[in-house]
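# Structural description and commentary
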Amino acid sequence: MLQTIFPYLCYLAVLLVLAVPLGRYIKKVMFGEKTFLSPLLGPCENFIYKLSGVCKEEQMDFKKYTASVLLFSGIGFVFLFLLQLLQGFLPGNPQGIGSPSWHLAFNTTASFVTNTNWQAYSGESTLSYLTQALGLTVQNFVSAATGIAVLFALIRGFNQVKEKHLGNFWVDLTRIVVHILLPLNLVLAVALAGGGVVQNFKGAESVTLLEPVAISAEGELLSGAVIDSKTNTVTINGTQVPGATVVTREFVPMGPAASQVAIKQTGTNGGGFFGVNSAHPLENPNAFTNLLEMTSILLIPVALCFTFGEAVKNKKQGFAIFMAMFLCLVVAIGCIAVSEQSGTVQLAQNGTVNLSAVGQAGGNMEGKECRFGIAGSSTWAAYTTAASNGSVNAMHDSFTPLGGMVTMLLMQLGEVIFGGVGCGLYGMLAFAILTVFIAGLMVGRTPEFLGKKIEPYEMKWSVLVCLATPVAILAGSGIAAIVPEVAQSLNNGGAHGFSEMLYAYSSAGGNNGSAFAGFNANTVFLNLSIGIVMLFARFLPIIGTLAIAGSLAQKKKIAVTAGTLSTTNGMFVFLLIFIVLLVGALSFFPALALGPLAEFFGSIA
Amino acid sequence: MKTMKNIFPRAALLFLAFTVLCGILYTGAVTGLAQLLFPHQANGSIIEVNGVKYGSALLGQQYTDDAHMWGRIMQLDVMTYRDENGEALLYAAPSNISPASEEYQALVAERTAKLRASNPQMADTPIPVDLVTSSGSGLDPHISPAAATYQIPRIAAATGRTEAEVAEIVSACSTGKFLGIFGEETVNVLRVNLMLDGILQPA
């Protein structure tokens, strides 16, 4: 028993040991204090200000901060969209890949600008190296930085007294990229390359197959064929197949993967360099790279909880919010791990197949890699859906019904169990405001949070922030469910087919980006509708959070009295979890009953 | 509108600066360092013997010969990729099938029947799960020690080696857990087969 749990505990321990000091470092950077890297990076930061004409001292109010965020994202959107459409004519394309369709380019652009990284395409066959590096990698950096910047605007909202200013978006963005994301990812990317993740600008390789395979004249695989290696003739049951040819080489994709993989993990972006994401052996070759990549998923989101505590000068508050998230995460890992380790009766074949954990990982290995096993795959699945990362190292479509349901639920809760970098925490703070309001109603006091009175204006925006995800998911999947052509995109039948579609919209609405990947999402309707859901679920909460920040900044601080509801004790943690689950469970229970729950009960009947 | 006009030049210039910094300088720096420090790993971990590229140690291939060790179940893709001469290249994809469906039950039954027929020596041993499942990438280069052990008698019989000799090759191609904790113990199937064919020598 202990032996089974031990790796899970180690994964969590590594995460916490790294996240706590990083949290302190981020606080220093964002408050303009000196760090051990400032002598090196300070000049770079100032050089960027000089180059782009940013005045460091300028302060922005709510309107200007919001306009800057939206305009900056808009410019990124136009650039990435055009880059994809023109990639066929641009250099950095040794495979000679043409341009994607306009609707796929729209979807991919919306996906990367919103920090979602939903992928309706397969990287190795659809995008050139130039698009990956100049388009996607850049958005991975700046969309992550935008999320963290908005969080700091909110923090200033709590800290300021009777002020209008929320800081300077350009300064926030630059500090995050230069002092936090770049050094972290430079180290990580080189370590990943050392572990075996490819990093080059060469065209794809091809290598000799030990056992060639035969294909028909139409290019389809011939099963049961016998190949005569001397004459290169193909026979099936003794008769020669006319026009058949032999495939003797395997495709080995190349490209600048490690640099993009590092930032897609640390920036909670999640978009794989290759189609199968971090399950691909050239994107995540061994247990060492897996540990690095997996820890990177939650590193910054966890660190930001501690940053928050330090930044609002109330470490207990940061810890309380961390605990609420951490407890949910641990429960989720447990549920997924137990379900995956148990496997299914369909796989066990009455004991003919060995599912035990002796000499092997055992359990449900469909869609999982041997080098990661159940522990490495289950923990990753929980991390990636708790954070709105969306990278995968195992195929969630092939998870057991209950294991797959937990990953879906983590996204449907609004991506606040740590969530995306910055956006997870500001989402959770909106839930905290909701919680103090409801708790305030129960005890008959004016709700307040961190010394700021919570009034109807903040409440309205908080509700919008909290409900943006559920509304986007339910409206999106509801409409998709009545569009007949969507049924053709499903890879599995019955309840699991419904789950594939529900998962797609949950992933888009949570800005997560993972998928039940059998679902063929590259159609005009799905590309457009999923794209719109992603944009809505990203930018409405950003506007709401900044509106709350702008309003809070103008209020005075109220002194803590004996009558103040504590927001740092166990009771508050419990209430916060309760509210998050209440909103999520009530919104999604009917849909989950039709999908994974129906499949589960059907499979054991 | 006036604010927008003020903001636009800052936003555009800053975006340009980040595109150069994160898209070109960062990607270039990582590529340079990786190529300098880890040329083998950063170029696909390709196994080259006497000028022939015998696969990447990290990409699975399909083996059906009794004298070879078999890997994970693969969904081969021969339609998507071609080399510069237009010849079809082999690649593979995950199944994305639900492990709780009747369709899946039938598929696994077919796979177990095939394994049972090919490995009569192990008729009483339950089949290790990796051998009847496809992987997350579809290209998993590894199997578990249990799955390798299961095949040793068949390989020994087909190659004329003793079981001890085959077991020695398997252990030469095995990797333990990282720091003894993380990940799983694995056997690299391509390496085993290259040693069985005498192309690679056990170290």
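Nothing here was measured: the structure is a model prediction, and the numbers come from that model.

### A few points about the overall build of chain A
A tally of regular secondary structure across chain A gives 18 helices and eight strands. Along the first, second and third principal axes, the C-alpha atoms of chain A reach 90 × 60 × 50 Å. A burial count over chain A gives 60% of its 605 residues as buried. For chain A, the share of sequence-separated contacts (at least 6 apart) that also reach a separation of at least 24 residues comes to 79%.

### Focus: the overall build of chain B
Within chain B, the secondary structure is distributed over six helices and eight strands. Its helices and strands taken in sequence order, chain B reads α-α-β-β-β-β-α-β-β-α-α-β-β-α from the N to the C terminus. Against the globule reference of 17 Å for 203 residues, chain B gives a C-alpha radius of gyration of 23 Å, more extended than a compact globule. C-alpha extents for chain B along the principal axes are approximately 80 × 45 × 45 Å. Looking at chain B as a whole, 50% of its 203 residues qualify as buried.

### Regarding the domain arrangement of chain A
Under the domain assignment, chain A is made up of domain 1 (28-199 + 269-284) and domain 2 (205-252). Its C-alpha centre places domain 1 of chain A at a distance of 45 Å from the equivalent point of domain 2 of chain A.

### Description of the sheet that holds strand β3 (residues 233-236) of chain A
Residue and element names in this part refer to chain A. Spatial strand order, β2-β3-β4: three strands in an open sheet with antiparallel pairing. Looking along the sheet, the strands with just one partner apiece sit at the ends: β2 (226-228) and β4 (239-240). The sheet contact formed by β3 and β4 spans two bridges and is antiparallel. For T235, the partnering residue across the bridge sits in β4 and is Q240.

### Examining the pairing of strand β2 (residues 52-56) of chain B
Working note: regular strand, side chains alternate between the two faces of the sheet. Residue and element names in this part refer to chain B. With three bridges joining them, strand β1 (residues 46-49) and β2 adopt antiparallel strand pairing. Of the residues in β2, the one forming a bridge with I46 is S56. In textbook terms, the turn of a hairpin is the stretch between consecutive antiparallel strands, and for β1 and β2 this stretch comprises two residues, one of which, N50, has a positive phi near 50°.

### Section: the packing of helix α6 (residues 129-159) of chain A against helix α14 (residues 423-443) of chain A
All names here are of chain A. Axis separation between α6 and α14 bottoms out at 8 Å; the angle between their running directions is 35°. Between α6, through G147, V150, L151 and L154, and α14, the contact on the second element is made entirely by C423, L425, Y426 and L429. Taken together, the residues of the contact of α6 with α14 sort by class into seven nonpolar, one polar and no charged.

### Quick look at the interface of chain B and chain A
One frequent convention defines the size of an interface as the accessible area lost when the parts assemble. With 98 residues of chain B at the interface, the matching set in chain A holds 109 residues. Among the elements of the structure, α1 (2-37), α2 (39-42), β2, α3 (102-118), β5 (127-128), β6 (142-143) and α4 (145-159) of chain B are those that each provide at least two residues to the side of chain B that touches chain A. Among the elements that line the side of chain B that touches chain A, the one with the most residues is α1 of chain B, at 25 residues. With two bridges joining them, strand β6 (residues 353-354) of chain A and β5 of chain B adopt parallel strand pairing. Its bridge partner lying in β5 of chain B, N354 of chain A is registered against P128 of chain B.

### Describing the domain arrangement of chain B
Assigned domains within chain B: domain 1 (2-39) and domain 2 (66-196). Domain 1 of chain B and domain 2 of chain B are separated by 43 Å when their C-alpha centres are compared.

### A look at the packing of helix α8 (residues 257-266) of chain A against helix α9 (residues 287-311) of chain A
All names here are of chain A. Relative orientation of the contacting elements α8 and α9 amounts to 45°, with a least axis distance of 7 Å. Considering the angle they form, α8 stands oblique to α9. Note on element contacts: α9 touches α8 through E293, S296, I297, L299 and I300, opposite V261, Q265 and T266. Classifying every residue of the contact of α8 with α9 gives four nonpolar, three polar and one charged.

### Some thoughts on the sheet that holds strand β8 (residues 186-188) of chain B
Residue and element names in this part refer to chain B. Taken in spatial order, the three strands make up an open sheet running β6-β8-β7, and their pairing is antiparallel. Here the strands that pair on one side only, and so sit at the sheet edges, are β6 and β7 (174-175). Here two bridges tie β6 to β8, and the two strands are oriented antiparallel to one another. Opposite H142, over in β8, you have N188 as the bridge partner. Helix α6 (residues 189-196) contacts β6 and β8 of the sheet and is inclined by roughly 45° relative to β8.

### Quick word on helix α5 (residues 163-172) of chain B
Residues and elements named next belong to chain B. Along α5, the residues that are buried comprise V166, I169 and V170. Within α5, the buried residues cover an arc of 100° as seen down the axis, which keeps them to one side. Away from the buried face of α5 by more than 90 degrees, exposed residues A164 and S171 are located. The inward-facing, buried residues of α5 contact α4, β7, β8 and α6.

Rules used in this analysis
Residues numbered from 1 in each chain as written. Chains lettered and ligands numbered in written order. Predicted model: local features only at pLDDT ≥ 70, side-chain atom pairs only at ≥ 80, totals over all residues. Helix = DSSP H or I, 4+ residues; strand = E, 2+ residues; numbered from the N terminus. Buried ≥ 20, exposed ≤ 12 C-beta atoms within 10 Å, placed from the backbone. Contact = placed C-beta atoms within 7 Å. Rg over C-alpha atoms; globule rule 2.2 N^0.38 Å. Domains from an automatic or database assignment. Pairing = 2+ DSSP bridges. Axes fitted to C-alpha atoms, helices over the stretch in contact; angles between N-to-C directions. Nonpolar A, V, L, I, M, F, W, Y, C, P; charged D, E, K, R; others polar. Parallel < 35°, antiparallel > 145°, perpendicular 65-115°, else oblique. Arc of directions from axis to C-beta.

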